[in-house]
Every structure is written in C-alpha cells, then in structure tokens.
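# Examination of the molecular architecture
Residue-level listing of the chains:
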Amino acid sequence: MDYTVIDRSAWSRREYFEHYLSVVPCTYSMTVKLDITNVRQKGLKLYPTMLYILATAVNRHEQFRMSLNDRDELLLYSGMNPCYTVFHKETEMFSNIWTSYSEDYKTFCHRYEEDCTQYGALQRFAAKPDTPENSFPVSMLPWATFDGFNLNLANFRYLIPIFTMGRFFNENGRFYLPLAVQVHHAVCDGFHVCRFLDDVQIQLHAM
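Read on for a plain summary of the structure. (Residues numbered from 1 in each chain as written. Predicted model: local features only at pLDDT ≥ 70, side-chain atom pairs only at ≥ 80, totals over all residues. Heavy atoms only, no water.)

### Observations regarding the pattern of salt bridges
Rules: By salt bridge we mean one thing: a side-chain nitrogen of Lys or Arg within 4 Å of a carboxyl oxygen of Asp or Glu.
In total, this model carries eleven salt bridges according to the counting rule given. A single salt-bridge network, built from bridges that share partners, covers Arg-8, Asp-72 and Arg-157.

### Details of the pairing of strand S4 (residues 74-77)
We count it as follows: Think of it in three bands: with a 1.4 Å probe and only protein chains considered, a residue is buried below 20% of the maximum accessible area for its type, exposed above 50%, and partly exposed in between. Strands here mean DSSP runs of E at least two residues long; helices mean DSSP runs of H or I at least four residues long; both are numbered from the N terminus. For two strands to be treated as a pair, DSSP must find no fewer than two bridges joining them.
Of the two faces of S4, both are covered, the one formed by Leu-74 and Leu-76 as well as the one formed by Leu-75 and Tyr-77. Here three bridges tie strand S1 (residues 3-5) to S4, and the two strands are oriented antiparallel to one another. When the bridges of S4 are listed, Thr-4 appears paired with Leu-76. A loop of five residues connects strand S3 (residues 66-68) with S4, the two strands running antiparallel in sequence, and Asp-72 in this loop sits at a positive phi of about 65°.

### Some details on unusual backbone geometry
For Glu-92, which is not glycine, the phi torsion reads 60° and is therefore positive. Note that Glu-92 resides in the loop between strand S5 (81-88) and strand S6 (93-98). Judged by its relative accessible area of 64%, Glu-92 is exposed.

### Some words on the packing of helix H3 (residues 46-60) against helix H4 (residues 105-119)
What counts here: Note on method: axes are straight lines fitted to C-alpha atoms, helices fitted across the in-contact stretch only, with angles between N-to-C directions ranging 0 to 180 degrees. Here roughly perpendicular refers to angles of 65 to 115 degrees, roughly parallel to angles under 35, roughly antiparallel to angles over 145, and oblique to all remaining angles. Here is the rule for handedness: rotate from the far helix to the near one, and if that takes an anticlockwise turn smaller than a right angle the crossing is left-handed, while a clockwise turn gives right-handed. Only heavy atoms matter for contacts: two residues are in contact if any of them lie within 4.5 Å across the pair. Throughout this entry, Asp, Glu, Lys and Arg are counted as charged residues, while Ala, Val, Leu, Ile, Met, Phe, Trp, Tyr, Cys and Pro are counted as nonpolar. The remaining residues, Gly among them, count as polar.
Two numbers describe how H3 lies on H4: the axes approach to 10 Å, and their chain directions differ by 125°. Of the possible angle classes, the one that applies to H3 and H4 is oblique. Taken as a pair, H3 and H4 cross one another with a handedness that is right-handed. Judged by residue contacts, Tyr-47, Pro-48, Thr-49, Leu-51 and Tyr-52 of H3 engage Tyr-105, Phe-108, Cys-109 and Tyr-112 from H4. Looking at the contact of H3 with H4 residue by residue, the classes come out as eight nonpolar, one polar and no charged.

### Re the packing of aromatic side chains
The cut-off we apply is this: Here is the rule: rings of Phe, Tyr and Trp (six-membered ring for Trp) pair when centre to centre is within 6.5 Å. Planes less than 30 degrees apart are stacked, more than 60 are edge-to-face, and the remainder are tilted. Only lysine NZ and arginine CZ atoms are considered, and such an atom sits over a ring when it is within 6 Å of the ring centre and within 35 degrees of the ring normal.
Tallying each qualifying case throughout the model produces 17 aromatic pairs. One residue, Lys-33, lies across the ring of Tyr-176, its end atom 5.4 Å from the ring centre. One residue, Arg-40, lies across the ring of Phe-175, its end atom 5.3 Å from the ring centre.

### Details of the pairing of strand S7 (residues 135-140)
Counting buried residues in S7 gives five out of six residues, a clear majority hidden from the surface. Relative to strand S8 (residues 162-165), S7 is paired through three bridges, and the arrangement is parallel. Within S8, the residue paired with Met-140 across the bridge is Met-165.

### Brief notes about the state of the cysteines
We count it as follows: Working definition: a disulfide is two cysteine sulfur atoms within 2.5 Å of each other.
A complete count under the given rule lists zero disulfides for this structure. Cysteine Cys-188 remains unbridged, with the sulfur of Cys-194 as its closest cysteine sulfur at 9.5 Å.

What follows is the structure, given as structure tokens:
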C-alpha cells in the first residue's frame, strides 16, 4: 500500500479542507442515472463491471483517494481497491469482500470471481479478511430503484467515497442504473464529483 503524506501547510486546498473538516463538517451525496445500455446489450455481468469501472475512475482522480490516518496525517493513496457487499438470502444479511484492482478488465473480473467463490458463502461481516486501508465501499440494492440516497455518517473525518447502486430499469428502450456517491466536502467539491461521474459514464459507453 503506497501513499503520499500531503503537507497541509503548503496545500492549495488547505483553507477549504479545514473549513469543511472542522468548522462546518460536511459530507454530501449525489444520485445520478447511469446509462448502462451497452453493458446490458453485451451481456456483461453488471456488478463486477461496475466495480471495475468505479475503481478505474477512483484511481484516476486523487480527490477520491484521500484519507486521514490515526496520526491525523492526510494521505493520498497511489491506488484503491473496491470493498463490496454480497447478500445472503438465508439470513437476510450481507458480508463484505474486497478485490485487488487491476487496470485490465478481464483480470479484475477473474479476481472478483475467485474472491466470490472463496469468500462469498461465509456469513460474517468481513468475509474476506485483512481489508486494506486503501479500499472504498460499494453496495448494491437490487430490490429497488431510487432517485436519491443518503448515508448519515457520524464520523465527519471519513474522507473515502462511498458508492451505492440500485435496481436498473428500462426507460424508452435504454437501461439505467441509479448510483449514489457520498463524499466529504473537505476533499471533494461538486465539480470533482461531476467530473468523476462523466468519467464513469464514458467508460460505460466504451465497454
């Protein structure tokens, strides 16, 4: 796990960071409809494909790779891995699994399948152990679509983005997937979220 410690005293964002971290602690969420028609038409598996695309975008944008450690140092990770939920119908509970990211789509999907095979049936909160610090959470709610979704975080020092997907739907012959993005305003402004989402949509069209 490689990272850089940001020198906050010389950081161009210092004033904004301190304001939204300490003066007015602020996280926010944004929900969009992603066009996944290309993914559906090609018969690609939706969950691993979305995990791959989200991870690719996260690794391209530094605002989505920041975290505070226990020494209050601001870290910028060189790379991030998705940590995602799997649902157990028998208990109606979920487990978390993480998969090491690869820039190669097929390699990532192979790792995902291996992790699901090895850990997917284990009914515990962290089914795959040793979740790395440089991971970001993703969950899927395939039972309902939604226009808005918000997580109420008590910890205003959690800077890593959180992604929640809903049930996809057909609208005028095209398929759409709701995606909620939860970020911390200390490191990520609305401009950065919109640029990130543009990146995700471009990847979906290119699959």
